[in-house]
Amino acid sequence: MPTILDGKTAAQVIKAEIAQKVEAIKASNKKIPHLAAILIGNDAASHTYVKNKIHTCKEVGFQSTLIQYDDLGERALLEIIDTVNKNETIDGLIVQLPLPVHIDVQNVVNHLKPEKDVDGFHPFNYGRMACQLPTHIPATPLGILELLKRYKIKTAGQYCVIVGKSRIVGAPLSILMSRAGYPGNATVTLCDKLTRDIGIFTRKADILITAIGKPGLITAAMVKEGVVVIDVGITRVPDTTKKVGFTLKGDVDFDNVMPKCSYITPVPGGVGPMTVTSLLLNTLRAAQKKVYSE
Ligand code: GUN
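Now for a look at the structure at hand. (Residues numbered from 1 in each chain as written. Predicted model: local features only at pLDDT ≥ 70, side-chain atom pairs only at ≥ 80, totals over all residues. Heavy atoms only, no water.)

Orientation of helix H1 (residues 7–27) relative to helix H2 (residues 44–60), taken along the N-to-C sense of each, is 55°, at an axis distance of 8 Å. When the interaxial angle is binned, H1 and H2 end up oblique. Contacts between H1 and H2 involve Lys 15, Ile 18, Ala 19 and Val 22 from the first element and Thr 56, Glu 59 and Val 60 from the second. Class assignment of the residues belonging to the contact of H1 with H2 gives a composition of four nonpolar, one polar and two charged. (Axes fitted to C-alpha atoms, helices over the stretch in contact; angles between N-to-C directions. Helix = DSSP H or I, 4+ residues; strand = E, 2+ residues; numbered from the N terminus. Parallel < 35°, antiparallel > 145°, perpendicular 65-115°, else oblique. Contact = heavy atoms within 4.5 Å. Nonpolar A, V, L, I, M, F, W, Y, C, P; charged D, E, K, R; others polar.)

This is the structure in structure tokens:
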């Protein structure tokens, strides 16, 4: 029987641990961690994600600041980032992606003060991650590594196929899964939408991680018996039977793939909650000035 990787419960345990640390910080009269989030535009999913991040900050006792605009030019955004970079009360800053098309994401990421870049997207942090030095690790990959660890899933020598090459998930995860140590030491293939036949790769995968945003892309015929499946896809599919008007679907045809798996994440309740707790852990390390030391 497959084991469901329960990110929701794991995240609750981690949040309780963070909340305890915040209590200890308060008791010693130190400054509580403070996360700022910049949200530009009206992408509905981004609004939900950021709302959830701010809500979770409140749950664990962090301070949070939401900086929100319907639209903004790149120069104005860089000036806001400068202000946050200089604000000593703020420990961590995220700029929610995707950004409106007229803003160059790499320019924005380059502008973040690396210590406050709790997404781990700045080239300095990304380079340190590749070199296996202490740094901020992007939140979704960090959450996935934590799930693999909590369920003691073997990664060394395993064939890991990642579908999706994004800066947020696939690209950093390919580095992390191939690095030395645990979880890591895997043999990694990175596929994307240009890969001619992803089934050739997915059918051989011991660990399959999908982050492409195409509901039902991974069918039962595309995986082998005993595979570990991590589904990062989260797409709103219209559903008139639901009050909100949509259902969240992963990239994996869950009902048919699940019986072949040794482990599988559900959507929702798998990777999503782990992403938010990872962001909080990065913010805590930034507040404690531990980003480049441990
Ligand atoms: N959009 C979707 N996931 C993320 C994330 O982890 N960080 C940022 N900044 N934007 C996102």
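Near the ligand you find Lys 53, Val 95, Gln 96, Leu 97, Asp 119, Phe 121 and Ile 168, and these make up its full shell. Within the backbone of Val 95, an N or O atom sits 2.9 Å from a nitrogen atom of the ligand. Contacts to the ligand include Leu 97, whose backbone N or O atom sits 2.8 Å from a nitrogen atom. Protein contact buries 87% of the 280 Å² of open area that the ligand shows by itself. When its residues are assigned to classes, the shell around the ligand shows four nonpolar, one polar and two charged. (Near = heavy atom within 4 Å. Polar contact = N/O pair within 3.5 Å; in protein donor to acceptor, adjacent residues only side chain to side chain. Areas by Shrake-Rupley, 256 points an atom, 1.4 Å probe, with all protein chains shown as cover.)

Since there are 3.6 residues in each turn of an α-helix, residues three or four apart along the chain are aligned in direction. Every buried residue of helix H5 (residues 123–130) is listed here: Asn 125, Arg 128 and Met 129. What you see down the axis of H5 is that its buried residues fit within an arc of 105°, all on one side. (Buried < 20%, exposed > 50% of the residue type's maximum accessible area, 1.4 Å probe, protein only. Arc of directions from axis to C-beta.)

Here the focus is the side chain of Asp 239. Counting through the fold element by element, Asp 239 comes out in the loop between strand E9 (235–238) and strand E10 (246–249). A residue is classified by how much of its surface remains accessible, and Asp 239, at 17% relative accessible area, is buried. There is a polar contact of 2.5 Å between the side chain of Asp 239 and the side chain of Thr 247. With residues up to four places along the chain from it excluded, the contact list for Asp 239 reads Gly 245, Phe 246 and Thr 247.

Next up on the list: the side chain of Ser 278. For Ser 278, the location among the structural elements is in helix H10 (residues 271–287). What makes Ser 278 buried here is its relative accessible area of 3%. A polar contact is formed between the side chain of Ser 278 and the backbone oxygen of Met 274, at a distance of 2.8 Å. Not counting residues up to four positions away in its chain, the partners in contact with Ser 278 are Ala 139, Leu 142 and Gly 143.

A few words now on the sheet that holds strand E11 (residues 261–264). The strand order across the open sheet formed by six strands is E1-E11-E8-E7-E5-E6, and the pairing between neighbours is parallel. Of all the strands in the sheet, just strand E1 (3–4) and strand E6 (187–191) have a single pairing partner and so form its edges. As defined by bridge partners, strand E7 (residues 207–210) adjoins strand E8 (residues 227–231) across four bridges and the pair is classed as parallel. Residue Ile 207 lies in a different strand from E8, and its bridge partner there is Val 228. In this fold helix H7 (residues 170–178) packs onto strand E5 (159–163), E6 and E7, with an angle of close to 170° to the strand it touches most, E6. (Pairing = 2+ DSSP bridges.)

Applying the stated criterion across every chain yields a total of zero disulfides. Here Cys 191 is not cross-linked by a disulfide; its sulfur's nearest cysteine counterpart is in Cys 160, at 10 Å. (Disulfide = S-S within 2.5 Å.)

Attention shifts here to the sheet that holds strand E4 (residues 92–95). Pairing is parallel in the open sheet, where three strands are placed in the order E3-E2-E4. Pairing within the sheet leaves two strands with one partner each, and these edge strands are strand E3 (63–69) and E4. On average, each strand axis in the sheet is tilted by 15° relative to the strand beside it, whichever way the strands run. Across four bridges, the pairing between strand E2 (residues 34–40) and E4 is parallel. Across the sheet, residue Ile 38 finds its bridge partner in E4, namely Val 95.

Our next topic: the layout of surface pockets. Each pocket or cavity is described by its volume, and for the second largest pocket that value is around 640 Å³. Along its surface, the second largest pocket is lined by 29 residues, and Ile 137, Leu 142, Glu 146, Lys 149 and Arg 285 are the ones closest to its centre. Elements with a contribution of two residues or more to the lining of the second largest pocket: H1, helix H6 (139–150) and H10. The dominant element in the lining of the second largest pocket, judged by the number of residues it contributes, is H10, at seven residues. Partitioned by chemical class, the residues of the lining of the second largest pocket number 14 nonpolar, seven polar and eight charged. (1 Å grid on protein atoms, 1.4 Å probe; cavity = no way out; pocket = protein on both sides within 12 Å on 5 of 7 lines; lining within 4 Å. Points joined across faces, edges and corners; volume = space filled by probe spheres on them.)

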